[in-house]
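Listed here are the chains, written in short residue letters.
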Amino acid sequence: MAEVKYIFVTGGVTSSLGKGILSASLAKLLQSRGYSVTIQKLDPYINVDPGTLNPYEHGECFVTIDGAETDLDLGHYERFLNSPTTQANNVTTGRIYQTVIEKERRGDYLGKTVQVIPHITDEIKRRIKLVASGNRFDIVITEIGGTVGDIESLPYIESVRQLKWEMGPQNCIVIHLTLVPYLSATGESKTKPTQHSVKDLLEEGIQPDVLVLRTQKSLTKDVKRKVALFCNVDEGAVVETVDVSTIYEVPVNMLSEKLDQTVLRKLSLPEKEEPALTEWREFLSRIKHPKYSVKIGLVGKYVELPDAYKSISESFIHAGSVNECKVHVEYIHSEEISESNYAEKLKGLDGILVAPGFGSRGIDGKILAARFARENNVPYFGICLGMQCAVIEFARNVLGLEGAHSTEIDHKTKHPVIDLMEEQKSIVDKGGTMRLGVYKCIIGKNSRVYDAYHKTEILERHRHRYEFNDRYLDDFRKNGMMPVGINPESNLVEIMEIADHKWFVGVQFHPEYSSTVVRPHPLFVGFVKACLHK
Ligand code: GLN
């Protein structure tokens, strides 16, 4: 097996330029050429993982099959590459320090002063190499979070500098993504911020090998040549990435910019076959030229920041493509839905999705949304807390269990239809202690979900502490809300469905984490289809 090659992606000038999408797009092209590629994200914050972060901070928390709570960029990696990531694919400064401090307490460094260099940088390098262990990958792309020049990312950049020196230029390259702003007043694209950002990188000891310039307007040859000259990069290694209407266009654009060929040349790797991207292009064409359209209300409490529901909105794009349909997602704030306005607020939607979430804020609006969908035969998809809200609503308004609730919200409720899982009762620490990752679920054949999956055994990812309370199961069954998905080991109710309804499905798991471009999630596909036929 040949040596693993490493590509680092850094960012300059400003954040939010799309390092994650760039990394995923490059990986997609290399994968299409026949290389096995994985992508890792190094995050500069001190939280051990993003599981304890409010989604307003960095957007959604993504969950891997092995139960790691990670940055949302891992979602993009999986959606583009159609292959799963694991805990090793996301490392934070907090996790690095935690490991080093644990080692120090064990006495592993006995006698030594523990320092950023070499101890922290060694641990960073170990984590970078760890993702490639087991010879599973030809190429590892590591995205460094933050912007070059930030205090927080210094140890990461230093580690990359050392790795570049240790491995040699043909085994390790740096791609730097920057912004070239366009000044409409003078009609010019300005390269100065890029020059300064490369200077910052040089000051930290790194000469970038490839520059990717994010721009609003296509750049002239002269502008690219100027950047190449002043930043000491060969002309062919300056690539532009022009703003696009969908992130799924980026791989195709990077292919025409020959980013993959440039990278392979720098890494002394053969080009192998030209990426055809057939399935990808078909998908793109379907999402760009939809025949139909639906309007789906996404009810949640973080709607001010759509990144909080990234995997859900991407899953809708994938599911839309299968149904040749544009899914317009209307973000509806659950705190703005009340007893007096819910019918007005929710009318005209082809379907309603109640989002995952934690805590009491906005819960009444979510319960009302479930009620509206049930009473008006509007397709309903409840994910995790969205499933729990549907259960609470059904208990109160169909079973007549007044005040029924989840003990997460009302721990004194007379009817705890959603209750803390037994194994959660002794847990005090908040970080990484939920029921996380993939669990099996057995599906009953006579159900909407079976019609979607066409199989009886599924594996889905989880992130929750509360569950359906089995004590009430008979009552629900008799009244038409059916447990059509059950975990075979623990008997935990995974899926609830209303039999006598167009499409009313609540799932305790998170289907949105496993929808990809070439494998859209069956439940999203089924839900969108039900909304279309309304
Ligand atoms: N707060 C709920 C629980 O912990 C739902 C979690 C979620 O929606 N991810 O069970």
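What you see is a predicted model; the values in this text were computed from it and never measured.

Participant: Which residues make up the overall build of the protein, and what are the values?
Facilitator: Across its full length, the protein carries 18 helices and 23 strands. In summary, the protein has a C-alpha radius of gyration of 25 Å against a globular reference of 24 Å for 534 residues, a match within 12%. With the C-alpha coordinates aligned to their principal axes, the bounding extent of the protein is approximately 75 × 65 × 45 Å. For the protein, the proportion of contacts with a sequence separation of at least 24, taken over those separated by at least 6, is 73%. As displayed, the protein has an accessible area near 22200 Å², and 49% of this comes from carbon and sulfur atoms.

Participant: Residue-level account of the nonpolar core, with values.
Facilitator: By size, the foremost hydrophobic cluster in this structure holds 56 residues, and its most contacted members are Ile7, Ile139, Ile141, Ile175 and Leu259. Among the elements that take part in this core, helix α1 (residues 19–32) stands out by supplying seven residues, more than any other. The contact partners of Ile139, leaving out residues within four places of it in the chain, are Lys5, Ile7, Leu30, Tyr35, Ser36, Val37, Thr38, Leu264 and Leu269. Counting 40 residues, the second-largest nonpolar core is a separate cluster that includes Ile352, Val354, Phe394 and Leu399.

Participant: Please set out empty space enclosed by the protein residue by residue, giving values where relevant.
Facilitator: The tally for this structure, following the rule as stated, stands at one cavity of 30 Å³ or more. The calculated volume of the largest cavity comes to roughly 30 Å³. When residues in the lining of the largest cavity are grouped by element, the largest group, three residues, is from helix α4 (residues 93–106). When the residues that make up the lining of the largest cavity are grouped by side-chain class, the tally is six nonpolar, one polar and one charged.

Participant: Describe in detail the pairing of strand β15 (residues 380–383), supporting the description with residues and values.
Facilitator: In β15, alternate side chains face the same way, and those of Tyr380 and Gly382 on one face and Phe381 and Ile383 on the other are all buried. For the crossover from strand β14 (residues 351–354) across helix α14 (residues 363–375) to β15, the handedness is right-handed. Note that β15 and strand β23 (residues 504–507) share four bridges and pair parallel. Residue Phe381 lies in a different strand from β23, and its bridge partner there is Val505.

Participant: Lay out the site of the ligand with the relevant residues and their values.
Facilitator: Taken together, Pro356, Gly357, Phe358, Cys384, Leu385, Gln388, Glu408, Arg463, His464, Arg465, Tyr466 and His510 are the residues near the ligand. At 2.9 Å, a backbone N or O of Gly357 approaches an oxygen atom of the ligand. Arg465 places a main-chain nitrogen or oxygen 2.9 Å from an oxygen atom of the ligand. When atom positions are compared with the pocket grids, the ligand is found to occupy the second largest pocket.

Participant: Describe helix α12 (residues 310–322), listing the residues and the values that go with them.
Facilitator: Along its 13 residues, α12 runs 19 Å from first to last C-alpha, staying within 8% of the 18 Å computed at 1.5 Å per residue. Counting buried residues in α12 gives 11 out of 13 residues, a clear majority hidden from the surface. Residues of α12 that are buried include every one of Lys310, Ser311, Ile312, Ser313, Glu314, Ser315, Phe316, His318, Ala319, Gly320 and Ser321, and no others.

Participant: Explain the pattern of salt bridges to me, and be specific about the residues and the numbers.
Facilitator: If you walk through the whole model with that rule in mind, you get 40 salt bridges. For the salt bridge of Arg265 with Asp234, the shortest nitrogen-to-oxygen distance reads 3.9 Å. Note that Arg265 is positioned in helix α10 (residues 259–266) and Asp234 in the loop between α8 (221–231) and β11 (238–242), a separation of 31 residues in sequence. By relative accessible area, which is 39% here, Asp234 ends up partly exposed. Here Glu393 ties to Arg374 by a salt bridge, and the two come within 2.8 Å at their closest N and O atoms. In this pair, Glu393 is assigned in helix α15 (residues 385–397) and Arg374 in helix α14, connecting sequence segments 19 residues apart. For Glu393, a relative accessible area of 0% puts it in the buried group. A single network of salt bridges, built from pairs that share partners, joins Lys41, Asp43, Asp71, Asp73 and Glu143.

The rules behind the values
- Residues numbered from 1 in each chain as written.
- Predicted model: local features only at pLDDT ≥ 70, side-chain atom pairs only at ≥ 80, totals over all residues.
- Heavy atoms only, no water.
- Helix = DSSP H or I, 4+ residues; strand = E, 2+ residues; numbered from the N terminus.
- Rg over C-alpha atoms; globule rule 2.2 N^0.38 Å.
- Contact = heavy atoms within 4.5 Å.
- Areas by Shrake-Rupley, 256 points an atom, 1.4 Å probe, with all protein chains shown as cover.
- Core = buried A, V, L, I, M, F, W, Y, C linked by side-chain atoms within 4.5 Å.
- Buried < 20%, exposed > 50% of the residue type's maximum accessible area, 1.4 Å probe, protein only.
- 1 Å grid on protein atoms, 1.4 Å probe; cavity = no way out; pocket = protein on both sides within 12 Å on 5 of 7 lines; lining within 4 Å.
- Points joined across faces, edges and corners; volume = space filled by probe spheres on them.
- Nonpolar A, V, L, I, M, F, W, Y, C, P; charged D, E, K, R; others polar.
- Right-handed = clockwise from strand over helix to strand, strands pointing away.
- Pairing = 2+ DSSP bridges.
- Near = heavy atom within 4 Å.
- Polar contact = N/O pair within 3.5 Å; in protein donor to acceptor, adjacent residues only side chain to side chain.
- Sits in = over half its atoms within 2 Å of the grid points.
- Expected span 1.5 Å × (residues − 1).
- Salt bridge = Lys/Arg side-chain N within 4 Å of Asp/Glu carboxyl O.

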